[in-house]
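Listed below, chain by chain, are the residues.
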Amino acid sequence: MQYAIFNMQYLADYPRFLEDWWINVTLDLLGCNSLQEKEHQLVQRIQGLSDRFTKERSELVEDYFTDPANLCAYGLFFFPQSYARTQFVMQEILSRGWKPSGPVSILDLGSGAGPASFSAASFFNAPRVTAIDRSTVALSHMKKIASLWPQLEFECHVGDLWRWIKKPDRKWDLILASFSFNESGFSIRQTTTLLANALTERGMIIVMEPALRSTSETLEAWRDHISQQGDLQIWGPCLHHRLCPLLKEGKFWCHEVRSWRFPASIAFLNRHLYRQVHVLKFSFLALGKQAPPAVSSFSFRLISPVFRQRKKLVFTGCTSDGEKKEFRMNRPLTKEGRNQIQNWERGDVVSFPLNQERLS
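Residues numbered from 1 in each chain as written. Predicted model: local features only at pLDDT ≥ 70, side-chain atom pairs only at ≥ 80, totals over all residues. Heavy atoms only, no water.

*Asks:* It is not clear to me how the confidence of the model for the protein chain should be interpreted in this structure. Could you clarify?
*Replies:* The predicted coordinates ought not to be read in detail in places where the model reports low pLDDT. With 90% of its residues at a pLDDT of at least 70, the protein chain reaches an overall mean of 87. The weakest mean pLDDT in the protein chain belongs to strand β1 (residues 4–5) at 51; the strongest belongs to helix α1 (residues 16–29) at 97. Predicted confidence for residues 56–61 stays below pLDDT 50, and this span has 10 contacts to residues more than four positions away or in other chains. Throughout residues 354–360 the model reports pLDDT below 50, and contacts reaching past four residues in sequence, or to other chains, amount to 14 contacts. (pLDDT = per-residue confidence, 0-100. Helix = DSSP H or I, 4+ residues; strand = E, 2+ residues; numbered from the N terminus. Contact = heavy atoms within 4.5 Å.)

So this is what it looks like as structure tokens:
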């Protein structure tokens, strides 16, 4: 079986210096000598923040960063996950052919303490980051973290992200919105226009949201609007510019399930939480003004786990021609080939250089 995988070989990693930085901040703010001393408090705050992040946006008005324990819980547990999620999306759009010219300017809408910005910036030399958030505390800590990148040019602004970009005084190469649109509410039509106006000709918009059905289907509706209007081009997760087959069917929703190298501090805090921290679940949408390079050969994005049915491997993919298809690997596979396919994850993009004849 001959096939290639665009993004499976990439395994997100979280820098040790960022983990150490947040541990030191926690020890300082909470007045302790080890995380173990404040483990119970931190675990409680992680549980509370997790609940908040899945609530309606009306319940997220309060700036939860003003509480030092909340800030530390976020920095230790959620910051690394946001950093790694962004790595996966950046790796994918770069592998699909996005080539920004010159120093990359990044606009982070609803940046929080900046995990998405710093993750994206790590892919480029001398990046320039502009961060917008309503939390002065989060931006204050983001500014301190930015000092860890000597080549990074950084500026931040406190305020509502929508009011700030309605009349942008410049354009950016990369616009990020990581788990922020679901908190703020937005109009698909208005958002498309605003972001397109703030984007350079070779620019890219990346929106990441929770893997919940509601947030994922909102992104699917947005990409359907894009596919019909033609103002922007779809770079991901779809390999096509047609309507979303999952949204049309209304049974399942598109999201990623990604393995990553999570830091030891998360493993420690999770020992009584029992969360599935070994995988990252999220949905995303990547849009650009220019169309992505055409996908050659037969390709699909895996939108289900790989199941075993007797001697067959069964899975579902969203194909490059815009269809949802069920696949069964019918031909005999080597042990190595079977193991490799069983390790595919939801969101992997698979390309068969030959044709579909080996699948049914």
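*Asks:* What's the story with empty space enclosed by the protein in this structure? I'm lost.
*Replies:* A probe matching the size of a water molecule, rolled over the atoms, marks out where space remains unfilled. A full pass over the atoms with the stated rule returns three cavities of 30 Å³ or more. Residue assignment for the lining of the largest cavity shows that the elements contributing at least two residues are α9 (213–229) and β10 (279–288). In terms of residues, the lining of the largest cavity owes the most to one element, α9, which gives four residues. Classifying every residue of the lining of the largest cavity by side-chain character gives seven nonpolar, two polar and two charged. In this structure, the second largest cavity occupies an estimated 70 Å³ of space. Taken together, P237, C238, C244, P245, L246, C254, R301, I303 and C318 make up the lining of the second largest cavity. For the lining of the second largest cavity, the class distribution of residues is eight nonpolar, no polar and one charged. (1 Å grid on protein atoms, 1.4 Å probe; cavity = no way out; pocket = protein on both sides within 12 Å on 5 of 7 lines; lining within 4 Å. Points joined across faces, edges and corners; volume = space filled by probe spheres on them. Nonpolar A, V, L, I, M, F, W, Y, C, P; charged D, E, K, R; others polar.)

*Asks:* Help me understand the pairing of strand β11 (residues 298–302) in this model?
*Replies:* As a general feature of sheets, a regular strand has side chains that alternate between the two faces. For β11, the tally of buried residues reaches five of five residues, placing the bulk of the element in the interior. Side chains F298, F300 and L302 project from β11 onto one buried face, and the interleaved S299 and R301 project onto a second face that is buried too. Both β11 and strand β13 (residues 312–319) contribute to a ladder of three bridges, which runs antiparallel. Paired with F300 across the two strands is T319, which belongs to β13. (Buried < 20%, exposed > 50% of the residue type's maximum accessible area, 1.4 Å probe, protein only. Pairing = 2+ DSSP bridges.)

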